[in-house]
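Fold and contact review
So the chains spell out like this:
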Amino acid sequence: MQATTISPAQPNGQHMKVRVATFMAVFLFYFITTNPFIDLVKLQSAGTEIVSGSNFLNQMTFLLITSLTIYAAVNHPMRSQIAQPRVLIIALLGWFFISSALSNYPIDAIKRTILATLTFFNAGMFLLLPRSEEQFARLMLYGTAITLSVAYLGVIFLPRLSIHQAAEIVEPMNAGYWRGHYAHKNLTAAVMLQITFFGLYFRSAGWKKSGIAIAVLAVFFLMHTGGKSSTAMLPMILILQWMFEKFRWTRWFIAVGGIVAFNTLILGATLSSDFRSLVVSVGIDPTFTNRSDIWKIAFDAIAQSPILGYGFQGFWQTPDLMQSPAGLETWAVRAFNGHNAYVDTLLTTGIPGLLLALTLVILVPMRAIARLDRAPPNDPALTRLFQRTWLCVLYSACLEAIFFQNGSPVFFIFLISIFGLVLQSRMSLVKEPIVTRKESHGALIQSQR
């Protein structure tokens, strides 16, 4: 069996260069973006809304990178392993198309579904681009170092564009919090949390000093973002993943029971006065930073269209909602999303969409992890990275609409973690070959470490 990161035969020089270039282009596209250091004060003063992925440069860059990925896939011996389990993903995206086509805004919803399809393809091919695990770790290290450098250079040399300002019309209370080259501190915090996991992986993968430096720098930046959820998530995920790895009997309690309990608590506080009193009694804000107003609107809408939903990402920020009578009663109609990935998936793609999504994001990784217990041993450090990312997003999704967000670095790395667990459960990693010259044969002889 071959690796998640290598073809059965070593690629020729041209194909390998394309694959390396594609890997770096994909990574930097998601983690640097095509429009870093947005001037929020200027945009908000002009009344302009920031819509990720809407500008022409972003779209053209995304199509170009996807073209490179397609080229790499066509010439890859392991192209049959791209984006597995493929039948489930086709069913999921197919339902998104159906829901979108029958929605009030089918054109926009179908466009977003197409972009989501391309995102799945890019993420599914990502781990097959490097020729070995060592090259994967090295390229990830380069991309992560560039991302951190851009963020820190922004804070040092472009503070007005990388630190929230008091002059911002929207959320002026964020003044002083670092956002780096992203548009909002919460996204920055989520990315820095993931980069911390990257650093821990690099340390275990042989880049000890670099890995420690990256983890420390990411945590330092995270502490300055003011992202409370991501900051609290760091120790929690490290502990949960450790338990998940060491004590197999805890796995369903952590991956399923914990998610169900957390959603029951926070959503119950929105719908039930008893739950609200319980949340208040333990010193937690029962509105979860005013998210409860958003969830009330979402549940009212779900009751009206529980099967088809409102089309893929097609409910929030639509004229139907903005001009509804509820707009006179609550600010929540202006929300950009439902601030809960599970609620948002149910709201926009209905019950079938939610069930298919839960199968992909929970049941598929759980099955892969169970198979890993019986499969030939792979690198535990890489498995640990995928598990940390996966668990982190599952829990973060209770407070943020992370699933299927096109252009989101967090959702992209979440997809990669799912595909990585599946691939590792099916095949063995290949180590970087040591190449030596044998004078008597006049050829290069490869030997495994």
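Definitions and cut-offs
- Residues numbered from 1 in each chain as written.
- Predicted model: local features only at pLDDT ≥ 70, side-chain atom pairs only at ≥ 80, totals over all residues.
- Heavy atoms only, no water.
- UniProt positions renumbered as here; feature names shortened; annotations may be inferred.
- Helix = DSSP H or I, 4+ residues; strand = E, 2+ residues; numbered from the N terminus.
- Buried < 20%, exposed > 50% of the residue type's maximum accessible area, 1.4 Å probe, protein only.
- Contact = heavy atoms within 4.5 Å.
- Areas by Shrake-Rupley, 256 points an atom, 1.4 Å probe, with all protein chains shown as cover.
- Phe/Tyr/Trp six-rings, centres within 6.5 Å; stacked < 30°, edge-to-face > 60°.
- Axes fitted to C-alpha atoms, helices over the stretch in contact; angles between N-to-C directions.
- Parallel < 35°, antiparallel > 145°, perpendicular 65-115°, else oblique.
- Left-handed = near helix turned anticlockwise from the far one by under 90°.
- Nonpolar A, V, L, I, M, F, W, Y, C, P; charged D, E, K, R; others polar.
- Salt bridge = Lys/Arg side-chain N within 4 Å of Asp/Glu carboxyl O.

As recorded in an unreviewed UniProt entry, the protein goes by the name O-antigen ligase family protein, listed as coming from Agrobacterium cavarae. Checking UniProt for the protein, the heading Subcellular location (unreviewed entry) contains the comment "Membrane".

A separate point is the overall build of the protein. Within the protein one finds 17 helices and two strands. The burial tally for the protein puts 51% of its 449 residues in the buried class. For the protein, long-range pairs separated by at least 24 residues make up 74% of all intrachain contacts whose partners lie at least 6 apart in sequence. Carbon and sulfur atoms make up 65% of the accessible area of the protein, which amounts to about 20100 Å² in all.

Under the counting rule described, the total for this entry stands at 29 aromatic pairs. Relative to Phe-312, the ring of Phe-96 lies with its centre 4.8 Å away and its plane at 20°, an arrangement referred to as stacked. Note that Phe-96 is positioned in helix H4 (residues 86–101) and Phe-312 in the loop between helix H13 (291–304) and helix H14 (319–322), a separation of 216 residues in sequence. The residues Phe-96 and Phe-312 share a single accessibility class, namely buried.

Here we come to the packing of H4 against helix H15 (residues 341–374). Contact geometry for H4 and H15: axes closest at 10 Å, N-to-C directions at 160°. Relative to H15, H4 is oriented roughly antiparallel. Relative to H15, H4 is oriented so that their crossing is left-handed. Where H4 abuts H15, its residues Leu-88, Ile-89, Ala-91, Leu-92, Trp-95, Phe-96 and Ser-99 lie against Thr-348, Thr-349, Pro-352, Gly-353, Leu-356, Ala-357, Thr-359, Leu-360 and Val-364. Here the contact of H4 with H15 is composed, by residue class, of 11 nonpolar, five polar and no charged.

Among the structural elements, Trp-252 can be located in helix H11 (residues 251–271). Linking Trp-252 and Met-366, residues 114 residues apart in sequence, is a C-alpha distance of 8.2 Å.

Once that is clear, we can look at the pattern of salt bridges. Enumeration over the complete set of coordinates arrives at five salt bridges. One salt bridge in this structure joins Arg-384 and Glu-245, with 2.9 Å as the shortest N-O distance. With Arg-384 in helix H16 (residues 380–396) and Glu-245 in helix H10 (residues 228–246), this residue pair connects regions lying 139 residues apart in the sequence. Given the relative accessible area of 27%, Glu-245 is considered partly exposed. In this structure, Arg-291 engages Glu-400 in a salt bridge whose closest nitrogen and oxygen atoms are separated by 2.6 Å. You can see Arg-291 sitting in helix H13 and its partner Glu-400 sitting in the loop between H16 and helix H17 (409–426), a full 109 residues away along the chain. Overall, the relative accessible area of 9% leaves Arg-291 in the buried class. Linked through salt bridges whose partners overlap, the residues forming this network are Arg-248, Arg-251 and Asp-373.

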